Amino acid sequence: MSIVFSGRDCSLDIMDNNNLSILAWCVPYFVPPPLLLISLYNGLNRLPIPLIKQIVPYQMDLIGGLCNHRFERTGLEGDYINEAISARRSAVQMTVDGHPDRPRRLINLALSLQMRFQLTGGLPDIEEAINSSQQAVATTLPNESSFGYRLDMLGNCHFLRFERTHQQSNLHDAISAYERALKLSPKDGPLAGLLSTIGNALFRRFQLTGRMVDLEEAISSFRRAVKIHNERHTDGSTSLSGLGATLQARFKCTNDASSLEEAVSVIQQAVSATPPRHLNLPVWYNNLGNALQSRFELKNRLEDINRAILVMQKAVDITPHHNADLPAWLLNLGNALQLRFERTNNVADLTQSISTKRRALELTPPNHPHIPSMLYNLGVALYRHFEVLSERSTLDEAIRIQTQAANFIAPGHVDLAPRSTGLASFYIDRVDPRGKLSKPDDSFKAHKNAPALTSQDHSLLSKISLSLGNAYRERFEISGILQDIDMAVLNHREALNSTHIGDKDRPHNLCTLGYSMMRRFQHQGAVADLDESIPMMQEAIEMIAEDNKEMPKFLVALGIALVARYQRTEEPTDLEESISIFQKSISLTLEGDPSLPERLNNLGGALQQRFKLSRDFSDIREAIEAKEKAVALTQAGDRRLMSHLNNLGNSYRIYYEVVQDPSLIEKAISAEEKAIAGTPAEHSKTPSLFNNLSNSLLLRFNHTKDLLDVDRAILLKGKAIDLSPAEHPDLHSLIMNLGSAWRIRFEATKELPDVDKAILRYRESLELAPPLHRSRQSLYNSIAYAFYIRSFASNDDSDTQEAITYYRRAATFPAGSSTAKLESADKWALVSQKRDRSDPQILDAFDVGVHLWTLVAGLQKTVQHRHAALQGNTAFILAAAASAFEFGRMDKALEWLEQGRCLVWNQINYLRSPLEALRHHDRKLADNVFRLSRLLELAGSRESSLPYTIEEKMSVQQKVKSHGKLVKEWDELLATVRRIPGFEAFLQPAAYSQLLQDLPKNGSVIVINVHRDRCDALALSSEFDQPKHIPLPEFSDEKAERLLRRLQQRLANLGLLGRQEDGNDVAGRAMRALKRDAEGQDAVRDILSVLWKTVVKPILDCVGFGASGSPTKRIWWCTTGHLVFLPIHAAGIYDNVNHSTLFDYVISSYIPTVSSLSNSRKKPRTISSQMEGLLIVSQPDASGCVPLPGVKKEVALIQDVFKTHSVRCSALESANGTAEDVRKGMEDFTCIHFACHASQHQEPLRSCFHLYDGPLELSRVIQSNLESAHLAFLSACQTSAGDESLSEEAVHLAAGMMAAGYRSVVGTMWTIKDEYAPGVAESFYRNLLGREDKGGIEMSGCDAAVALHHATQELRMRLDPSEASFLAWVPYVHFGL
């Protein structure tokens, strides 16, 4: 048969195989498919039918091959591939099962279908190709040479279907087919190519599943392929490139830098081994650029990103304009340029990145599946351009581009999710400050649809929901629309629910949902949100390694949530933990990290919160330091700078409120004005900036009294409200603050319209504030005060009643600071008393207040911080007791005094309570109580140091955090014990009835409450049926203060007050002579006389104690107020005519509280014969102190007494008396005698005895195991002087020794004379050991009060009745049993 090809005559025998081969290669170049078919038809038409049946299938398969080849040659023209498939499908259909050519024709058909699938993406084609390949494999014998090739073809078909559908089963089937083909491939076969194919498939499976075993096998396959290429000297560039890609992936998983270095090296080899015009060279350039970019991201070396951009540009330059890969190369180049911009801040790179991405988009066919990716990446670059240059048109284009990316993809398309996620960070800047979206449909369309377009179990659902939740939360932050934060929580929860345990995204999703719930709590007050959010964040942190780049972010989120919970519950543990967490986040942040300023701000905010609680000035100073550093590290033009300045101003303002340094309020105003100047008027944060500046102006007005500051503050607050949308969650606070400004103006002008406006604004704020929002406590307090001050101008009783109502609400509101609520309770009581002193709700107010008072100084604080919290605020408890006495409620008066006084020492005593009853019931539980009580005591008595490095601060915070956990465990343990029948009151403050049960039988306890309104005594005795209430109308706190000031002045004039601070020049009992000072020489005598007439004698008359030459009755004085510092034990009239003194009636002792006495009586104290005895500590020449020559005499006299009575006595003198030796010795003796210098420190636990090698501080004494301690004689100066600012806390060495365990303590109220101290000590011990009426000598200290009574009396009798004599014996006092 002859066929004419373009005018040439080429006669070929169609039955000749050789000729058929020639035809297969020649026809596609000359003959279009229709003409070829016609020619064949005309030739075949002349042949016999049986022959045609044999020839036609062969020829149809041949035609398919010819068309297939022409399709590849002519640039992917669809007509040729369609004809090829049609012909090859016909060939298969015409070939019967079992025919030896059927497998070959099936594979040929699969090849053509595969090609068309790659052109059109039609799933039916690849599914038919798989089916055809499977039939071909099934009908091919394993020993046939073509079996491996057909398996390879089957693997290719499965792989292509996987790339289209992402169904893992296809990928698994592809790998299985490849591996079978590899096993059947001969050693001299195409092993390298097949190994590369397997490596590629394993790599794709790794990318899908994250299984490292697949990645390692892929690397191994590529390595084998490269080795074979090297051995055969064939082109191995493809295998080298694949090896480079897998090594780069391993680096990303393991952070193994060597893998990345090898990746760069092997891809460079692939580039070097490829001829300049090779079609794959652009691919290798692109891959090399990607590897170099990864190395840049690892090492931050600019030369790497520069070279990456260079080789990526080469890939672009040598790729033909029509090449389908060019848009991808352009996109990668654009991303690299954007990355270099992030490193260098060279806007030209960002501009070129946008230009390059635009070109990539222009070159991409309109319906190409990569269009969404092109749009997404272009949008990212446009948004960054907006962030840098703030060009609104760029932002608008970014939003439009991202919206097109989302809308381009058909519903359900697998690429919708990652494209939609790009919108989250774009729409937010299109929201105006009033909370209105300019084009909400444009920016949210894709986000709202994305979850619905993806199946519930799809791995990308998490990312879509996460992005949408972020968008809603960001809009909430700007607009304050509460519905948005609800939607954020909803979507973030959906994101979490779509990630399984172990999913790498789960920690991020946990933390994100937790943070959104915490933000919703802050504005809606739903406690359930907060309770759920914190465990989520904690779980997220536990799931990641400490060096994970997300760790600092997670820590910050948790820290913020803990601060939020602290603000609600006032649980100090949360605040301490947040500080520790913020410090850790900073320690994990590198210098230069743009997040560092924000993290410093967070730390400063938490420290500022703690300062409000502790009033520890180091906290506020450190907060200011952190915020100042945040400002310094923030570049000008950074949009966060205004926030940092505003926060810094806030800290300056808070510090000013405490120290009243005018420079601080000026700094605050300056910082806040700078923040406003750098913020656009329409910015969403402008209202809060205006509000903060106005607050500072109001504070400055308090200093300058310039009414212009108040007027400007009112104007600013009004603007803040006008700029806030009606739905803004902080609007009620802004309105409340405006009310406060009007109230301040009224206090300055006394113009009623001002306070009317204040009350009106407060009412508006109340209507807007959420029911449980913590600000309501402050709001109630503010409106109460406004009504109260208006009542003076209006004389309207209803205003006073309103004030009382709102103060009650403020004091009893469930949220808010205990300190703030205590202040409200105090005012509730005060205003109620001024209105009607008979109103019974006065007692309700004090009852609430006393409970709040006990919360102000909890166990979670150190002893030092507990004292700091109580300092200067003790009058409330005295006022409460005075009111109870006024109402005839002696029970309330005593209970409140016991609960509210000596809080710190009571806490220590509670921790040391005997546990015999509990141990009998449950030994394990009692042991646990004992263990925790000791740990808490140690934690509470630690010193507060001032750390400087971040590591030191973190160490301190870890101790604080552990302390807080102990308190929480302690509270839970107490709750467990109190659920046991019979232990309901375990370690609870004693009730009135309990306080009356363990009173001594040989005397009375006299509690004296001294208040400015009244003075009352309460006599308690086992001999009385009921306590006796003794009003003292002639005495008051005012009179007590006058007496104290006169005494102090006299003692100061005579040099007997000594030093109360720590230092190197401690005076004291070394003063042997009083200064001559005639003025006020009768002061002490007069003071003792007044105390006798107005306090002591009325009490003695009431209890029925009479004078006696040798009194045996005792009184334990429990005094309050300024009376604490007056020598009531020496009260009397000391003259020859009307001589009458307390010494003639009773033996006096002092006790801090009634319960301290009853607890000492209840504690079983057995004296071991091995420990019984006295340890004398003598220090005549302590470093930095005035010599005390008299102490040597004192030691000798005491030792003689003990030798006479054959009682154990030992002395630690001079160099033998080190602080540690003394501390240990105290554990070995029942009694101790200090003959040395002592000093009282403003921090009670630092009060000390000055020994040979330095001070022995009270904190160390308290930590010692002194279970057998009985008596301590403090023969030093001012060991019971106390501190006026803590008058109800007994902060002196004598009380501290009682807290340490000593049942009986002798102390001194002022400086004692070295001349008389030895004699007093000798007389004391002689009287103590000489009392043998108990059947034997016992060094228990039980008779210490009697012994001291006789010793001081002996000294008094030896001296003349001059003032100098009074000052010698009066200061000696006894505390305890």
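Residues numbered from 1 in each chain as written. Predicted model: local features only at pLDDT ≥ 70, side-chain atom pairs only at ≥ 80, totals over all residues. Heavy atoms only, no water.

**Considerations on the overall build of the protein**
Alright, step 1. Looking only at helices and strands, the protein features 56 helices and 18 strands.
Alright, step 2. Looking at the 1377 residues of the protein, the share that counts as buried comes to 56%.
Alright, step 3. Counting only contacts in the protein whose residues sit at least 6 apart along the sequence, the fraction spanning at least 24 positions is 68%.
Alright, step 4. If you sum the accessible surface of the protein, you get close to 58000 Å²; carbon and sulfur atoms cover 50% of it. (Helix = DSSP H or I, 4+ residues; strand = E, 2+ residues; numbered from the N terminus. Buried < 20%, exposed > 50% of the residue type's maximum accessible area, 1.4 Å probe, protein only. Contact = heavy atoms within 4.5 Å. Areas by Shrake-Rupley, 256 points an atom, 1.4 Å probe, with all protein chains shown as cover.)

**A few points about the sheet that holds strand β14 (residues 1248–1251)**
Alright, step 1. One open sheet holds the three strands; their spatial order is β13-β14-β15, and the pairing between them is antiparallel. At either margin of the open sheet sits one strand with a lone partner, and together these are β13 (1237–1239) and β15 (1254–1257). Averaged over all adjacent pairs, the angle separating strand axes in this sheet is 30°, with direction ignored.
Alright, step 2. Here β13 runs beside β14; their pairing, made up of three bridges, is antiparallel. Bridge assignment links Ser 1239 to a residue of β14, and that residue is Cys 1248. (Pairing = 2+ DSSP bridges. Axes fitted to C-alpha atoms, helices over the stretch in contact; angles between N-to-C directions.)

**Re the packing of aromatic side chains**
Alright, step 1. Tallied over the entire structure, the rule returns 22 aromatic pairs.
Alright, step 2. Between the aromatic rings of Phe 611 and Phe 617, the centroid separation amounts to 5.9 Å while the plane-to-plane angle is 45°, which identifies the pairing as tilted.
Alright, step 3. On the basis of relative accessibility, which here comes to 0%, the residue Phe 611 falls in the buried class.
Alright, step 4. Considering the side-chain rings of Tyr 1134 and Phe 1366, the 5.0 Å spacing of their centres and the 80° angle between planes classify their relative orientation as edge-to-face. One end of the pair, Tyr 1134, is in the loop between β7 (1132–1133) and β8 (1140–1141); the other, Phe 1366, is in helix α56 (residues 1363–1369), with 232 residues separating them in the sequence.
Alright, step 5. A residue is classified by how much of its surface remains accessible, and Tyr 1134, at 8% relative accessible area, is buried. (Phe/Tyr/Trp six-rings, centres within 6.5 Å; stacked < 30°, edge-to-face > 60°.)

**Some details on the side chain of Thr 1119**
Alright, step 1. For Thr 1119, the position within the fold is in the loop between β6 (1114–1118) and β7.
Alright, step 2. Contacts of Thr 1119, omitting those with residues within four sequence positions, involve Arg 901, Ile 1008, Val 1124 and Ile 1128.

**Some details on helix α33 (residues 731–749)**
A turn of α-helix holds 3.6 residues, and therefore any two residues three or four places apart point the same way.
Alright, step 1. Spanning 19 residues, α33 covers 27 Å between terminal C-alpha atoms, matching the ideal 27 Å at 1.5 Å per step.
Alright, step 2. For α33, a buried count of 16 out of 19 residues is recorded, marking the element as mostly surrounded by other parts of the structure. (Expected span 1.5 Å × (residues − 1).)

**Details of the packing of helix α5 (residues 102–120) against helix α6 (residues 123–138)**
Alright, step 1. In the contact formed by α5 and α6, the axes pass within 8 Å of each other and the chain directions differ by 160°. Taken as axis vectors, α5 and α6 run roughly antiparallel relative to one another. Crossing hand, α5 versus α6: left-handed. Of the residues in α6, those in contact with Arg 102, Pro 103, Leu 106, Ile 107, Leu 109, Ala 110, Leu 113, Gln 114, Arg 116, Phe 117 and Thr 120 of α5 are Leu 123, Asp 125, Ile 126, Glu 128, Ala 129, Ser 132, Ser 133, Gln 135 and Ala 136.
Alright, step 2. Looking at the contact of α5 with α6 residue by residue, the class counts come to 11 nonpolar, five polar and four charged. (Parallel < 35°, antiparallel > 145°, perpendicular 65-115°, else oblique. Left-handed = near helix turned anticlockwise from the far one by under 90°. Nonpolar A, V, L, I, M, F, W, Y, C, P; charged D, E, K, R; others polar.)

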